[in-house]
Amino acid sequence: MSNDLLYLSHKDVRACSVTPREAREAVLAAFRDHAAGRNRSLPKSALALGPGHAFQAMTAASQAQAIATVKWVASAPSQEGSSVPSVSALICVSDYVTGAPLAILDGDEITLVRTAAMSAAAASLLAPPDARTIGFVGCGLQAHAHLAAFRKLFPSLDNALMLSRSRSSAERLAEAAAAQGLTTEIVDDADRLLARSDIVISMVPATPGLRPFLDAGRMKPAAFAAAVDTGRSWLPEALPAFDLLATDSLTQSQAPYDVDGQPVASVRFGHDLAALSQMPLADAGTKRSLFCFRGFALADLALAHLVLEKARAGGIGMLLPR
């Protein structure tokens, strides 16, 4: 075995051209493997230093994919107008059997694609199958990744609503949605967005002084919400309005999180993707459902494996001596 390490930069990962469908199916396969005992992971380990400022480690190993991974994530509040990203990540890949290091991957693009794939995987199991309107609360990079993932998953979508503190971000997302054939509207009222949307994606970053403002009771009786922001933007007292609450892993999270990063006391999760991927609910898509997640190491492993396979097949990346 070579002692060289394969390094994949941000540009290299993007060059592997993982499609939304490939990403979604890889995530669902990882959860099915997890239910079958073919992979394992540790809960996310986090060192919190302040609002939006933390360092995290996410570790997983898969007998099915024959690799083990650790993702190192750093997040820090970004200054307005700064070109420095607020979240940065690297993924280290080792051989499952020997433990030998195999590759180092830029984790930013993988995290972006993985997060949207997680939401889409949950939506494929819980959202109304004929959804027409999608609402974005927050219009940054994750919103663009979710737009791509959900547009492919729900061809019935024909309308997109945008709510953002940044008008320019909302306009850029509206342009991207319009280019994909959707009618778009930038709104300034959260209740209006919730009442009109079949699918809601909340991506509100942690900032000092943030107050929750999304009222689950304002949503349609049959609608799906993905809380990429772990639930911080949702009013805790209104969360019981959801008929069904699911997460990525019940061993990692028991409830959504509030603006202080603490589990809320008003509700608890009843389902996770490992169980749902094995046995979908018969009445899925007919209820008001929430998928709220912190990020699961096995999903990062699944995307890292997919990217590595594509990189090796396409001769992408740089070999580094150890």
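All figures in this text were calculated on a predicted structure; none of them were measured in a lab. (Residues numbered from 1 in each chain as written. Predicted model: local features only at pLDDT ≥ 70, side-chain atom pairs only at ≥ 80, totals over all residues. Heavy atoms only, no water.)

(A) Local environment of the overall build of the protein. When helices and strands are counted, the protein shows eight helices and 16 strands. Computed over its C-alpha atoms, the radius of gyration of the protein comes to 19 Å, within 12% of the 20 Å expected for a compact globule of 322 residues. Sorting the 322 residues of the protein into buried and exposed places 49% on the buried side. Look at the contacts in the protein between residues 6 or more apart in sequence, and 71% of them connect residues 24 or more apart. With an accessible surface of roughly 14,600 Å², the protein has 53% of that area assigned to carbon and sulfur atoms. Charge-centre separation for the protein: the mean point of 29 positive side chains lies 2 Å from the mean point of 30 negative side chains. (Helix = DSSP H or I, 4+ residues; strand = E, 2+ residues; numbered from the N terminus. Rg over C-alpha atoms; globule rule 2.2 N^0.38 Å. Buried < 20%, exposed > 50% of the residue type's maximum accessible area, 1.4 Å probe, protein only. Contact = heavy atoms within 4.5 Å. Areas by Shrake-Rupley, 256 points an atom, 1.4 Å probe, with all protein chains shown as cover. Lys, Arg positive; Asp, Glu negative; His and termini not counted. Charge placed at Lys NZ, Arg CZ, Asp CG, Glu CD.)

(B) Just the sheet that holds strand β12 (residues 223-227), in detail. The strand order β10-β9-β8-β11-β12-β15-β13-β14 describes an open sheet built from eight strands, whose pairing is parallel. Both outer strands of the open sheet, β10 (183-186) and β14 (271-272), are each paired with one neighbouring strand and no more. Direction of pairing for strand β13 (residues 244-247) relative to β14: parallel, over a ladder of two bridges. Residue pairing for β14: Ala 246 is matched across the bridge by His 271. Contacts from helix α3 (residues 107-126) reach β12, β13 and β15 (288-292), with the element oriented near 160° to β12. Sitting on the sheet, helix α5 (residues 167-179) touches β8 (133-137), β9 (159-163) and β10, and the angle it makes with β10 is about 170°. (Pairing = 2+ DSSP bridges. Axes fitted to C-alpha atoms, helices over the stretch in contact; angles between N-to-C directions.)

(C) Quick peek at helix α8 (residues 297-314). With 18 residues, α8 extends 26 Å from end C-alpha to end C-alpha; this agrees with the ideal 26 Å at 1.5 Å per step. Residues of α8 that are buried: Ala 297, Leu 298, Ala 299, Asp 300, Leu 301, Ala 302, Leu 303, Ala 304, Leu 306, Val 307, Leu 308 and Ala 311. Residue Gly 315 follows α8 closely and has a positive phi angle near 65°. (Expected span 1.5 Å × (residues − 1).)

(D) Spatial organisation of unusual backbone geometry. Although it is not a glycine, Ser 17 adopts a positive phi angle of roughly 50°. When you line up the elements, Ser 17 lands in the loop between α1 (10-15) and α2 (20-35). Residue Ser 17 is classed as partly exposed on the basis of its relative accessible area of 47%. Even without being a glycine, Ala 66 presents a positive backbone phi close to 65°. Its place among the elements puts Ala 66 in the loop between β4 (53-62) and β5 (67-75). Assessed through its relative accessible area of 36%, Ala 66 is described here as partly exposed.

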